[in-house]
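An overview of the molecular structure
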Amino acid sequence: MIQAVIFDLDGVLTDTAHYHFQAWQALAHSLGIAFTEQDNEHLKGVDRLGSLRLILQKGGLTLPAAEEERLMARKNAHYLQLIAGMTAADLFPGVRELFARLKQSGIKLGLASASKNAAFVLQRLGIAGEFDAIADAATVKHSKPDPEIFLQAAALLQIAPEHCLGVEDAAAGVTAINRAGMRAIGIGQPEQLREALMVFPTLQALDAELLLTL
Ligand code: BG6
Ligand code: MG
């Protein structure tokens, strides 16, 4: 029986995954590196430095740390511009209803986001107060697919991993959930999220009653 659901943020609760893609693509193109949505699938859920290095690797580049810092700052400034106007209207449809249904059944809610911008995005969406525990890039050392962030959220919730579900749109995130000993719910396309227990095309399509039977 599940006792907690731990959500990823970008691409699960709101469409920031697309803004991350746009900002990384602009950076890649400025370096003369081709970067498609297909390439972006490998970056989803991966932290900022890890993402930059995947792009550089694709272009056959290795750069000194100071240059990596400069490029990450440039990408983040662009990303912040893209999300500056976000409001509660940018929450994906069905999020509030799902949270309410889970809470009504006594299920705890956690957040596990690899983003250093997570607190800002939660605040813009008006949902910062909805979670019983938040683990983000400010509190963990190891990036997804390492299980640390999901394990930290479960520890904060004081719920054993086997009683937690994780919800993710990224292959790296699904791997992290499985390595944490939790069951993984994918949001997106099944062929990108093969390791998930079940996959729904959107958060709104996620069947809360089915989750409550797990
Ligand atoms: C994850 C996103 O949630 O956060 C990645 O899926 C992103 O695309 C990562 O790179 C780090 O985000 P930030 O905001 O710290 O650059
Ligand atoms: Mg995500």
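Residues numbered from 1 in each chain as written. Chains lettered and ligands numbered in written order. Predicted model: local features only at pLDDT ≥ 70, side-chain atom pairs only at ≥ 80, totals over all residues. Heavy atoms only, no water.

As a matter of local geometry, ligand 1 sits amid Asp10, His20, Trp24, Lys44, Gly45, Val46, Arg48, Ser51, Ala114, Ser115, Lys116 and Asn117. For ligand 1, an oxygen atom lies 2.6 Å from a polar atom in the side chain of Ser115. Between ligand 1 and the protein, one listed contact pairs an oxygen atom with a side-chain N or O atom of Asn117 at 2.6 Å. Protein chains bury 97% of the 400 Å² of accessible surface belonging to ligand 1 in isolation. Those elements that provide at least two residues to the shell around ligand 1 are helix H1 (16-30) and helix H3 (48-58). (Near = heavy atom within 4 Å. Polar contact = N/O pair within 3.5 Å; in protein donor to acceptor, adjacent residues only side chain to side chain. Areas by Shrake-Rupley, 256 points an atom, 1.4 Å probe, with all protein chains shown as cover. Helix = DSSP H or I, 4+ residues; strand = E, 2+ residues; numbered from the N terminus.)

Now for H1. Along its 15 residues, H1 runs 21 Å from first to last C-alpha, staying within 8% of the 21 Å computed at 1.5 Å per residue. What H1 keeps buried is the set Thr16, Ala17, His20, Phe21, Ala23, Trp24, Leu27 and Ala28. If you follow the buried residues of H1, they end up packed against helix H2 (37-40), H3, helix H4 (65-83) and helix H6 (118-125). One or two residues past the end of H1 sits Gly32, with phi positive at roughly 75°. (Expected span 1.5 Å × (residues − 1). Buried < 20%, exposed > 50% of the residue type's maximum accessible area, 1.4 Å probe, protein only. Contact = heavy atoms within 4.5 Å.)

The magnesium ion (ligand 2) binds to the protein through Asp8 (OD), Asp10 (O) and Asp169 (OD); the donor distances cover 2.0 to 2.1 Å. Along the chain, the residues that donate to the magnesium ion (ligand 2) are spaced as D-x1-D-x158-D. Accessibility expressed as a relative area gives 4% for Asp8, which makes it buried. (Donors = N, O, S within 2.8 Å, 3.2 Å for Na, K, Ca; no water.)

Below, the discussion takes up the UniProt feature "active site" (unreviewed entry) in the protein chain. The positions UniProt marks with the feature "active site" (unreviewed entry) are Asp8 and Asp10. Here Asp8 is to be found in the loop between strand S1 (4-7) and H1. Polar side-chain contacts of Asp8 include one of 3.1 Å to the side chain of Lys144. With respect to the secondary-structure elements, Asp10 resides in the loop between S1 and H1. For Asp10, a relative accessible area of 12% gives the class buried. (UniProt positions renumbered as here; feature names shortened; annotations may be inferred.)

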